[in-house]
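Remarks on the overall topology
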Amino acid sequence: MMKTEEQTQEYYDTTHIGVLDGIRAVSILIIVWFHLWQQSWIMPHIGSYSLDWLPRYGYLFVDMMLLLSSYCLFLPYARSMVLGTPMPEVRTFYKKRVARIVPSYYFSLFIAATAGILSGTIATRSMLLKDLIPHLFFVHNYFYDSSLGTHMFGVLWTLAVEVQFYLIFPFLAKAFCGKPFITYFSMLGIGLFFSILISKNFTSLIQGMYVNHTLTFFTVYANGMLGAWAYVSIASGIKRHKALEGFCTLLSVGCIFLYKILCADLSHYGDPMKWQIDRRFILSVVFLSFILSTSLALPLYQKLWSNRLMRFLSAISFNLYIYHQEIAFKLKAARIPYYGGDTPPNMLGDMVWSRKYMALCIVLAFVAAVAGTYLIEKPAAKAILKHPATTDKTGISGKTDTSDKDKTSR
């Protein structure tokens, strides 16, 4: 039964969860930090305390983004399960995903292909087609020439994973609404089966091609859907209470320390990619606990994650993700800032050059992100959806559908 407006104010909001903008923005920034750290070798620290575990293992936040995508996409379905609101239409779901992803993604392919042809790195038509065609159909993670051997932007592998999940999501969501536990444990079983299979047959080729295969992320996606259901059930069924908010704030901070412990475990594991396949489920549980606890935390703590800056960063985060790594590669290859000799300055301990290089990478990445968002993404989304765009983000390549309204705007 639907609550009155007065009753709703006593409960937690299930239609606009502001902290998700901040979680998404910070996650993307950590991924960006990781890629720039790889090129600059700037080791962050506060006094004698090293923070290098944050950028060094920043690639793990791709899992956070995919978890957040599943979580946000399932929220309208969770509201339908708990509150009886209308279930989203399948046609609308697909249209919104196309509007959000395809324009910026295809534009980045055009830039990458053009740059490759002009520079000569894409030397033949066959080389171009083997790389570009799988990307156009979002299956590039299945072929060597379009994954490990790609001349497109390296970060785009996540778009293949996301779109493949989008194709089946409405059907998984409806199955979850009807039989939540059967669907959850089935998805969990699929993810764990393929993760164990890959872990037991681990080789360099498998490492590169299949550790981040779509099926290995089924545990992450399952936890996202379960988490959305749990949040709506809690938020709509428990009145606001300072004790609960205080506990959730402590739990949110505690999850950061749990993540640090996982990073320490990773540092002693041997092979980082094997750690990912072996610990993916556990990592997603920690990330989900952080999302849930932050969403129910004290208002003052939530302000750190939900404010104007975080909303802006979240809005441009998709394009920031697309372009930042390629900008870093191109600048270094072009010796900008200039350096002589054959050895990059970061490998010689030249921190002055590294700081200049990192600052330039950040500035240009943000310029590209803003341009891509407001000149390509938003106008195209508005044209596809035929009405003004508003904020709507779903993780690494989508939008946060936190209401039943059709919103278009990572």
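As the structure is a computational prediction, the values presented were derived from the model and not from experiment.

Considering the pattern of salt bridges
Any two side chains of opposite charge can pair, so long as their charged atoms come close to each other. Under the counting rule described, the total for this entry stands at eight salt bridges. Between Asp52 and Arg56 there is a salt bridge, with the nearest N and O atoms lying 2.9 Å from each other. Its relative accessible area of 17% is what places Asp52 among the buried residues. Of the charged contacts in the structure, one is a salt bridge between Glu245 and Lys242, with a shortest N-O distance of 3.8 Å. Here Glu245 pairs with Lys242, and both are found in helix H11 (residues 242–267), just three residues apart, close to one helical turn. Residue classification places Glu245 among the buried positions, given a relative accessible area of 4%. Residues joined in a network through salt bridges with shared partners are Arg240, Lys242 and Glu245.

Things to note about the confidence of the model for the protein chain
Across the protein chain, the average pLDDT comes to 91, with 91% of residues at 70 or higher. Across residues 1–8, where pLDDT falls below 50, the model places six contacts with residues more than four positions away in sequence or in other chains. The low-confidence segment residues 389–410, where pLDDT is below 50, has 118 contacts with residues more than four positions distant or belonging to other chains.

What to know about the packing of aromatic side chains
Overall, the coordinates contain 28 aromatic pairs when judged by the stated rule. When the ring of Tyr105 is compared with that of Phe138, the centres are 4.5 Å apart and the planes differ by 25°; the resulting orientation is stacked. In this pair, Tyr105 is assigned in helix H5 (residues 90–119) and Phe138 in the loop between helix H6 (125–136) and helix H7 (157–178), connecting sequence segments 33 residues apart. A single burial state applies to Tyr105 and to Phe138, both of which are buried. Aromatic side chains Phe176 and Trp229 sit 5.8 Å apart centroid to centroid with 85° between the ring planes, which places their arrangement in the edge-to-face category. Within this pair, whereas Phe176 is found in helix H7, its partner Trp229 is found in helix H10 (residues 218–237), the two being separated by 53 residues in sequence. Residue classification places Phe176 among the buried positions, given a relative accessible area of 0%. Aromatic rings pair up to connect Phe74, Tyr77, Phe93, Tyr94, Phe165, Tyr166, Phe169, Phe176, Phe181, Tyr221 and Trp229 into one cluster. Positioned above the aromatic ring of Tyr166, the side-chain terminus of Arg97 is 5.7 Å from the ring centre.

The rules we used
- Residues numbered from 1 in each chain as written.
- Predicted model: local features only at pLDDT ≥ 70, side-chain atom pairs only at ≥ 80, totals over all residues.
- Heavy atoms only, no water.
- Salt bridge = Lys/Arg side-chain N within 4 Å of Asp/Glu carboxyl O.
- Buried < 20%, exposed > 50% of the residue type's maximum accessible area, 1.4 Å probe, protein only.
- Helix = DSSP H or I, 4+ residues; strand = E, 2+ residues; numbered from the N terminus.
- pLDDT = per-residue confidence, 0-100.
- Contact = heavy atoms within 4.5 Å.
- Phe/Tyr/Trp six-rings, centres within 6.5 Å; stacked < 30°, edge-to-face > 60°.
- Lys NZ or Arg CZ within 6 Å of the ring centre and 35° of its normal.

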